[in-house]
Amino acid sequence: MAQIPNLDNAPVNLSSIRDQSQKELITILKSIRGKKCLVVDPKLGGSLSLIVQTSLLKEHGVELRHLTAEPIQTECTKVVYLVRTQFDLMKFICSHVHNDVSKGLQREYFVYFVPRRAVACEKILEEEKVHHLMTIGEYPLYVVPLDEDVLSFELDLAFKEYAVDRDTSALWHIAKAIHKLEFSFGLIPNVRAKGKASVRVAEILNRMQAEEPVNMSDVAVPEINTLILLDREVDMVTPMCSQLTYEGLLDEFLHVNNGAVELDASIMGVQQQEGKKMKVPLNSSDKLFKEIRDLNFEVVVQVLRQKATSMKQDYTEISSMTQTVSELKDFVKKLNSLPEMTRHINLAQYLSTFTSKPSFLGRLDMEHTLVEAQSYDICFEYIEEMIHKQEPLVNVLRLLILFSVTNAGLPKKNFDYLRREILHSYGFEHMATLNNLDKAGLLRKQESKSNWLTIKRALQLVVDDTNTANPNDISYVFSGYAPLSIRLVQHAVRSGWRPVEEILKLLPGPHSETKRSGFASSPSYDALTGTIPHMDKVGDGRRSLVLVVFIGGVTFAEISALRYLSAQEGMAYDLVVGTTKVVSGSTLTETFIEKLG
């Protein structure tokens, strides 16, 4: 099955975005005549696999290599580097060139920065005396469609860079990505932002529009009606909880990367390839996955069981030889879905080995206790015990962040004690990690009373008696906890920020709400709450679109909750997610882990 997701059912024409990126890359390759060796920064390799098939690159005389410290082994005389602007990658390129020069190899070098050039990187090339040997360019890849309703800006470290290093370059990048979308789909008339980074992105977006305006007359009615920008910092509770949707759990335990998981072939029932890894694509091109990805995992197991039983029944009936040709045809059609069935039964079975472990169930209990803001001492002792057992540091930090965020920090004596215990258990080089978390406000001393209880009640974040099989609320994605971030989106879409103004003030960072000029004639947002039926449609009868952008990452469980909202009766909008990266609590926490030395 193709790794490249099928975007035909996207609520807005995302294929055009992908095609444009593909065309830009091919243009670069065509401009360099003859055979060439394309050396790709490994992080970018994943993004490229979602945009262009390897076979297409080969048609343009390309040999593919991943960029490492090792010299490039190739017969080609033209070497094209496709890299992000990172210093360590510049060092690799310089060492490659020095190595070629020392061996007397005559080669032409091309360096294309993604998404744009950086003076600091070029300076390294100059200092290493290789800049004059290079042709330098840019490959403006700002947005990668991961699926028909998810766009990624591929900025893995955006949250850490902004929260710890105070580096705001990612914010310009996000604004540029959204502005690029506006050139395709029209100027977005309504912008709502919550959080320091989000408000800043909204401002940069307005400045970009002033400097390089999107022409209003090109698009009669803008396809995207509203942009909602949310900082990850506004809701750090959600990502630290264990996701309980099928796709969320796959990410928690197997790490979904660029729409695929990599695991041992034996898990997928491929016996002859012992110890060999295989990639399993996960996107909506897989019909069964599309049907079950957003369900609570408990329900997924039941759905798969039902499907297998019905298939078995059909098989028994077909054996009785009394079928008409059309009945046979229907049965063969069902058989076509057998590989998908087998794939997901294998995956679900493997996931069950994790979800049934007492350690996982104990952790879920602890997360619920923290979100409920009860029994402080039990949580403290649980975390203390985890440290003493030397459980993986990421797991300890996840619970500690949840503990700190729901309690507005830890009392001084507990804070100092737990920090000391972590350094004793995991090594003093983790001083840097603790310092990063403190700087980002994720693990800190308590200075004021927590307002988590007020927020939790006002937004009804804890829902008793959640029906996971027949959900009537987004809380099904965490079996009883409704993600705070998605509750905010729910309010923003339904009635704007105004009714929840007081709650917004209790959450980190400022908020803003702007109507952008040039749309005096378009219906105002407040009229678009579904009361006037004809206004929530784009010209050709499709539903209006809301783009929800998470700065700092979004989890699969939150994406599932948004899909659930979008599918509700009376919902006037399609929702598309934009994010710096799809994250889980672990991958997000890992960006803050740094060892001294």
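Look up a bit, the structure's there.
The notes below deal with the structure included here. Since we're looking at a predicted model, the values are computed, not measured. (Residues numbered from 1 in each chain as written. Predicted model: local features only at pLDDT ≥ 70, side-chain atom pairs only at ≥ 80, totals over all residues. Heavy atoms only, no water.)

A look at the sheet that holds strand E2 (residues 62–66)
Under the convention used in this document: Here, strands pair whenever DSSP counts at least two bridges between them. Here a strand is any run of E in DSSP of at least two residues, a helix any run of H or I of at least four, and the numbering for each starts at the N terminus. Between N-to-C directions, angles cover 0 to 180 degrees, with each direction set by a line fitted to C-alpha atoms, over the stretch in contact for helices.
The strand order across the open sheet formed by 5 strands is E2-E1-E3-E4-E5, and the pairing between neighbours is parallel. Of all strands in the sheet, those bounded by a partner on one side alone are E2 and strand E5 (134–138). When strand polarity is set aside, the average angle formed by the axes of neighbouring strands in this sheet is 20°.

A short note on empty space enclosed by the protein
What counts, and what does not: Residues are called lining when one of their atoms sits within 4 Å of a cavity or pocket point, these points coming from a 1 Å grid over the protein atoms alone, where a cavity is a set in which a 1.4 Å probe fits but cannot get out and a pocket is an open set with protein on both sides within 12 Å along at least five of seven lines. Grid points are joined across faces, edges and corners, and a volume is the space filled by probe spheres set on the points. Gly is placed with the polar residues, together with every amino acid not listed as nonpolar (Ala, Val, Leu, Ile, Met, Phe, Trp, Tyr, Cys and Pro) or charged (Asp, Glu, Lys and Arg).
Under the criterion given, the structure shown has 5 cavities of 30 Å³ or more. For the largest cavity, the calculated volume is near 60 Å³. Considering the residues around the largest cavity, the lining is formed by Cys241, Ser242, Leu244, Leu364, Glu367, His368, Val371, Phe478 and Tyr481. The class makeup of the residues in the lining of the largest cavity is 6 nonpolar, 2 polar and 1 charged.

Here's the deal with the packing of aromatic side chains
Working definition: an aromatic ring pair is given by the centre-to-centre distance plus the angle between the planes. As a reminder of what qualifies: Any Phe, Tyr or Trp ring, taking Trp's six-membered ring, that has another such ring centre within 6.5 Å forms a pair; planes under 30 degrees apart are called stacked, those over 60 apart edge-to-face, and the others tilted. The buried label applies to any residue whose accessible area, calculated with a 1.4 Å probe on protein chains only, is under 20% of its type's maximum; exposed applies above 50%, and partly exposed to all values in between. Definition used: whenever NZ (Lys) or CZ (Arg) falls within 6 Å of the ring centre and also within 35 degrees of the ring normal, the charge is taken to sit over that ring.
This structure, assessed with the given rule, holds 11 aromatic pairs. Residues phenylalanine 478 and tyrosine 481 carry aromatic rings whose centres are separated by 5.6 Å and whose planes lie at 55° to one another, so their mutual orientation is tilted. For the pair shown, phenylalanine 478 and tyrosine 481 are each scored as buried. Among the aromatic residues, ring-to-ring pairing joins Phe253, Tyr350, Phe354 and Phe360 into one connected group. Across the ring face of tryptophan 172, the terminal group of arginine 116 is positioned such that the distance to the ring centre comes to 3.6 Å.

Details of the sheet that holds strand E8 (residues 190–194)
Strand order in the open sheet formed by 7 strands is E6-E7-E14-E13-E9-E8-E12, with mixed pairing between adjacent strands. Each edge of the open sheet carries a strand with a single partner, namely strand E6 (144–147) and strand E12 (511–515). Averaged over all neighbouring strand pairs, the angle between strand axes comes to 20°, with direction disregarded. As judged from the 7 bridges shared by strand E9 (residues 224–231) and strand E13 (residues 544–551), these two strands associate in the parallel manner.

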